[in-house]
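Here is what each chain is made of, one letter per residue.
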Amino acid sequence: MQEHNEVVCEVCRVQLNKIAQVKSLTDLELFILNQPKRVININIPMRMDNGDIRIFPSYRIQYNDARGPTKGGIRFHPEIHMNEIKELAFLMSLKCALVNVPFGGAKGGIKVDPKLLSEGELERLSRNYIREYAEFIGPKKDIPAPDVNTTPKIMGWMMDEYEKIVGYKAPGVITGKPLSIGGSKGRTYSTSLGGAIVLREFMKKKDKKLKGMGVAIHGFGNVGGNLARILFEWGMKIVAVSDSRGGVYDPKGLDVQKLLAETANGKKLQEIGVGKNISNEELVELDVDVLVPASVENIVNEKNMEKVRTKTILELANGPLSAAADDYFEKNGVIVLPDILANAGGVVVSYFEWAQNTTNLYWEEDEVNQKLENIMIKAFARTEESRIEEKSSYRKAAYIVAVKRILAAERDRGHLKPKQKINPKNH
Ligand code: GLU
């Protein structure tokens, strides 16, 4: 089908090609980076509540495993396709390498609109997915996690199904689980906390204080909602947030606590009576200090990039900018703190969860958050260093760090020729 050939994350490919030129990557190196190691596509049959059988296309792509078992979420979405999952798996490989956790990258998904399923159907589909993929995943092979529309509850069903198949306890097969069955403290808000730390480190470099700055957040799910809470607690002004139906705006700052409490009870943002209603498009164009795309891909693209007025974008979603928008911002001095850095907090605490499951020693929330902070500070500093060295955007700088680490692992496994030794006397 036509749509399967679409490149969703063109930004990834564009960046990779730029890096290939400046770093003189060989064809073999480029092939390893450009192609997933393993692609699995299973059409999953499921009995619906009314007795009908339906088939749900599903995917798991294990992109690169040179640095460790592959890692990445499973999303449930009616629009997903193979190419999108491939690009997201590529981003996971870069992300894990950039924050230096011992994982490769993967991504999975089911083509389904979970809102149209009953609770029982959702559970059956989640369990069926694991039955179909059980031989390909495992704590030392490939470790799934939550992603768009998948929750701790779903991770719990999936872990339970996996353990029934293998016949022993294996909590490390999946992360983002409920606390009662091996989840980690701090995991639910870790993506948001990691992003907040990256923003703080960036502003610190520019000698700017977060306090009083205005933020607009596109997306008010787990990631966007927790980010609003954290930045509000840190003294920032959350001037606009939006969900799939539209957003709310108040230039003086929104009542974040009220929005969080009411949305937790199932209300949509515009039903709460806080701020003035705005559309998702208007939110992206607001004159704010920081714009945070925290929903899905390609939110900022050739259609709206010229209307964007912020000077700083924190990418909490994966691939929220089109390649054209990314290029436009780079040329126009808009700073983009890229997804593989800004939203890596989730997989970092997934790594902690997996480590806790493996050792059976469980950590306090403060310890988790402190360790997350150390890793995020280090990853930001390494990216900043690379940005200065390469005289590049943050995205390109981050990609270079990640690509070098992946290729070093491939080389040390003997999959690539050793780098030519440079005689120091000649340099
Ligand atoms: N889905 C999240 C991401 O895109 C988390 C992945 C994980 O924890 O493995 O980073």
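You'll find the structure just up there.
Parameters at a glance
- Residues numbered from 1 in each chain as written.
- Predicted model: local features only at pLDDT ≥ 70, side-chain atom pairs only at ≥ 80, totals over all residues.
- Heavy atoms only, no water.
- Near = heavy atom within 4 Å.
- Polar contact = N/O pair within 3.5 Å; in protein donor to acceptor, adjacent residues only side chain to side chain.
- Areas by Shrake-Rupley, 256 points an atom, 1.4 Å probe, with all protein chains shown as cover.
- Helix = DSSP H or I, 4+ residues; strand = E, 2+ residues; numbered from the N terminus.
- Nonpolar A, V, L, I, M, F, W, Y, C, P; charged D, E, K, R; others polar.
- Salt bridge = Lys/Arg side-chain N within 4 Å of Asp/Glu carboxyl O.
- Buried < 20%, exposed > 50% of the residue type's maximum accessible area, 1.4 Å probe, protein only.
- Contact = heavy atoms within 4.5 Å.
- Core = buried A, V, L, I, M, F, W, Y, C linked by side-chain atoms within 4.5 Å.

J.: Sorry, what's going on with the site of the ligand here?
T.: Surveying the vicinity of the ligand reveals 14 residues, the closest of which are Lys 71, Lys 95, Pro 146, Asp 147 and Ser 350. In the model, an oxygen atom of the ligand is placed 2.8 Å from a nitrogen or oxygen of the Lys 71 side chain. Ser 350 is positioned such that a nitrogen or oxygen atom in its side chain is 2.5 Å from an oxygen atom of the ligand. Considered on its own, the ligand offers 290 Å² of accessible surface; in the complex 93% of this is hidden by protein. If you list the elements that add at least two residues to the shell around the ligand, you get β3 (70-77), α3 (82-98), β5 (142-146) and α12 (345-359). A breakdown of the residues in the shell around the ligand according to their chemical character gives 4 nonpolar, 5 polar and 5 charged.

J.: Looking at this structure, how should I read the pattern of salt bridges?
T.: As a working rule, side chains carrying opposite charge can pair if their charged atoms are close by. Overall, the coordinates contain 33 salt bridges when judged by the stated rule. Put simply, Arg 229 and Glu 233 hold a salt bridge, and the shortest N to O gap is 3.4 Å. Note that Arg 229 and Glu 233 are positioned in helix α7 (residues 222-233) at a spacing of 4 residues, about one turn of the helix. Here Arg 229 falls in the partly exposed class, since its relative accessible area comes to 24%. A salt bridge links Asp 327 to Lys 331, with the nearest nitrogen and oxygen atoms 2.7 Å apart. On the criterion of helical spacing, the pair formed by Asp 327 and Lys 331 is a turn pair, its members being 4 residues apart in helix α10 (residues 323-331). Its relative accessible area of 29% is what places Asp 327 among the partly exposed residues. One continuous salt-bridge network, built from bridges that share partners, spans Glu 123, Arg 127, Arg 131, Asp 160, Glu 161 and Lys 164.

J.: Explain helix α2 (residues 27-34) to me, please; I cannot follow it from the model alone.
T.: Residue pairs three or four apart in sequence face the same way in an α-helix, which turns once every 3.6 residues. Those residues of α2 not exposed but buried are Glu 29, Leu 30, Ile 32, Leu 33 and Asn 34. At its buried positions, α2 is contacted by α1 (10-22), β2 (53-64), α3 and α14 (394-412).

J.: Can you help me understand the nonpolar core in this one?
T.: Across soluble globular proteins, you tend to see nonpolar side chains buried next to one another. Ranked by size, the top nonpolar core spans 88 residues in total, and within it Leu 199, Ile 217, Val 241, Leu 259, Val 292 and Leu 314 carry the most contacts. Broken down by element, this core gets its largest block of residues, 10 residues, from α3. Counting 28 residues, the second-largest nonpolar core is a separate cluster that includes Ile 40, Phe 76, Tyr 133 and Met 155.

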